[in-house]
Amino acid sequence: MVSIEAMRLFVKILEEEEPGWYSRASNSVSEPVIDVQMNHNSNVEPIIENRNSFAETKIISAENGGLMETQDKDVVSEGLGSIVVYDKWISPPVIGQRPKARYQHGAAVVQDKMYIYGGNHNGRYLNDLHVLDLRSWTWSKVEAKVVPKSVESPSLVNIAPCAGHSLIPWENKLLSIAGHTKVPSETIQGKAFDLQTGTWSVLNTYGKAPVSRAGQSVTLVGTTLVIFGGQDAKRTLFNDLHILNLETMTWNEIDAVGAPPSPRADHAAAIHAERYLLVFGGGSHATCFNDLHVFDLQAMEWSRPTQQGEIPTPRAGHASVTVGENWFIVGGGDNKSGALETVVLNMSTLAWSVVASVEGLVPLASEGLSLIVGSFNGEDMLISFGGYNGHYNNEVNVLKPSHKSTLQSKMMEARVPDSVSAIHNVTNPTRDLESEFEVGHEGKIQEIVMDNIDTGHQKFKGEETTERIIATLKVEKEELESSLNKEKLQSLQLKQELAEAKAQNSDLHKELQTIRSQLAAEQSRCFKLEVDVAEQRQKLQTMETLQKELELLQRQKAASEQAALNAKQRQGSGGVWGWLAGSPPQNADNI
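In the nomenclature of an unreviewed UniProt entry, the protein corresponds to ACB domain-containing protein from the organism Gossypium raimondii. In UniProt, the protein has this text filed under Sequence similarities (unreviewed entry): "Belongs to the ACBP family."

## Quick word on the pattern of salt bridges
This structure, assessed with the given rule, holds seven salt bridges. Between R135 and D112 there is a salt bridge, with the nearest N and O atoms lying 3.0 Å from each other. Taken as a pair, R135 in the loop between β8 (124-133) and β9 (138-142) and D112 in the loop between β6 (106-109) and β7 (113-121) lie far apart in primary sequence, 23 residues in all.

## Observations regarding the sheet that holds strand β23 (residues 308-309)
Reading across the sheet, the five strands line up as β23-β27-β26-β25-β24 and stay open at both edges, with mixed pairing between neighbours. Two strands close off the open sheet at either side, each with one partner strand: β23 and β24 (319-323). Of the strand pairs in this sheet, β23 and strand β27 (residues 351-357) are connected by two bridges, and their pairing is parallel. If you follow Q308 over to β27, its bridge partner there is A351.

## Examining the nonpolar core
Residues M114, L132, L134, W137, W139, I383 and V396 are the most contacted members of the largest nonpolar core, which totals 18 residues. Mapped onto this core, the elements with two or more residues apiece are β7, β28 (370-376), β29 (379-385) and β30 (396-399). No other element matches the three residues that β29 contributes to this core. Residues W89, V358, V362 and L364 belong to the second largest nonpolar core, which totals 17 residues.

## Notes on unusual backbone geometry
Backbone phi values are negative for most residues with the exception of glycine, while trans is the configuration of most peptide bonds. With phi around 55°, W137 is a residue other than glycine that occupies positive phi space. Note that W137 resides in the loop between β8 and β9. The backbone of N377 sits at a positive phi, close to 55°, despite the residue not being glycine. Within the element layout of this structure, N377 appears in the loop between β28 and β29. Residue N377 is classed as exposed on the basis of its relative accessible area, which comes to 68%.

Definitions and cut-offs
- Residues numbered from 1 in each chain as written.
- Predicted model: local features only at pLDDT ≥ 70, side-chain atom pairs only at ≥ 80, totals over all residues.
- Heavy atoms only, no water.
- UniProt positions renumbered as here; feature names shortened; annotations may be inferred.
- Salt bridge = Lys/Arg side-chain N within 4 Å of Asp/Glu carboxyl O.
- Helix = DSSP H or I, 4+ residues; strand = E, 2+ residues; numbered from the N terminus.
- Pairing = 2+ DSSP bridges.
- Core = buried A, V, L, I, M, F, W, Y, C linked by side-chain atoms within 4.5 Å.
- Buried < 20%, exposed > 50% of the residue type's maximum accessible area, 1.4 Å probe, protein only.

Next up, the structure:
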């Protein structure tokens, strides 16, 4: 391990063991105001416009990694429209106060605006929120507010600084999921930033939440988030799968079959055809990976398909984004050097290809950078920010993928029939309606084109072929519309069933509350009865004591009466003996 990586690991471990070390050190050492620039070989002079200084537009060459100037310098106001070069990374001229240099932050794009939240800078976790307007290339800081926990408890929510989290756009909110904090929690915590009110709030979830972690992947699939892997505060690695339903905010752990990826963190994940979760790369404590795994969300099964093309080198800390069926991966490293190539995987053919390459110590060869996709006039743009490669950086770079690479991937798909259904065959022999239509549609189009080439010299056959094309497309369109209507109807039925279930749940909840109230009343009545029983028992014991005393007195009375009777009898017997002795009794005169 090189000295820079060793120092970074030392700082990370120090932060985990002694969270207050930086505050103690900062009392004696002041932090530089200006962050270290990453492109040391740049000779570009700054441009002064509207009293703001920024660098000229730069292109990172795919051949030698050098920088060359663009022809037009007055393209700042055009935003993404100023990017006219394909398959080359460009550093656009941004204005405004840039965010502090960082890595392991969260990034998301909403309506031509890229949001950056949290991250790690010099071993410190951050909780600031910044936004970059992709049309004017202007940075601004969002002064976020927090809302009370509840009406009964008006204390404000503590939005703790974090790093290694995931930022997901959902409806009109930004969801921050998981990540490390100075005071780690036992389970994954989530919070939401409302873009309309500008407030943070804590996500209240139900069910058994996963263990707290960072470096995990969080993938949005429909109305659910799929969480895989990561590493906790004790550096324990995971390879478990969990799902968070965003409509019910309920956690569920997936009981998968098949051989899962080895425990890892800082990997990349993407969803294909709303069914297949692809996981690439990542690292453990001593190893970086370049393996590809696929999880079928319907069959709940892991598989490891065969990759085509030039497989990327092992890496961790890379960033990724999908554009159609293409999965772009940027940056990362193996603790020895950064990954210089920007690669793309066609998720239908599982074929890798290289889009662009850089050289030198540039932000694009960093770990912990972020990558999002923006759009301008129907063209997609890859936008990266931040990262760490021995230096923390806060640069923005943009790449416009060419249409050629997309066409090449489709041509490769036609030439490699065994790979067309690679993902489908290794996971589940059944296919969903959408994938069947895509493959069948492309096969029919190819067949029609070949027929048209073979008979192109005959005009009437060409006309018949055109009519056949139109008829075939109409039939397929009708079938697709019919299938779409069925899906919509099924979706509507499911929504109705969900509404009924919610209503039933509400009624059951009310009934449960009523039963609880009745039970509380019965418990109170039982308590009163128990008190009465105790009083009666006490009275009964008192009566038993009185009964015993009464019996004792009766016995004493009987004994007294018997003694008196005996005495009287003795007196009567003494009179008779006296009469016999010549002494008449005292009442002899009365006889």
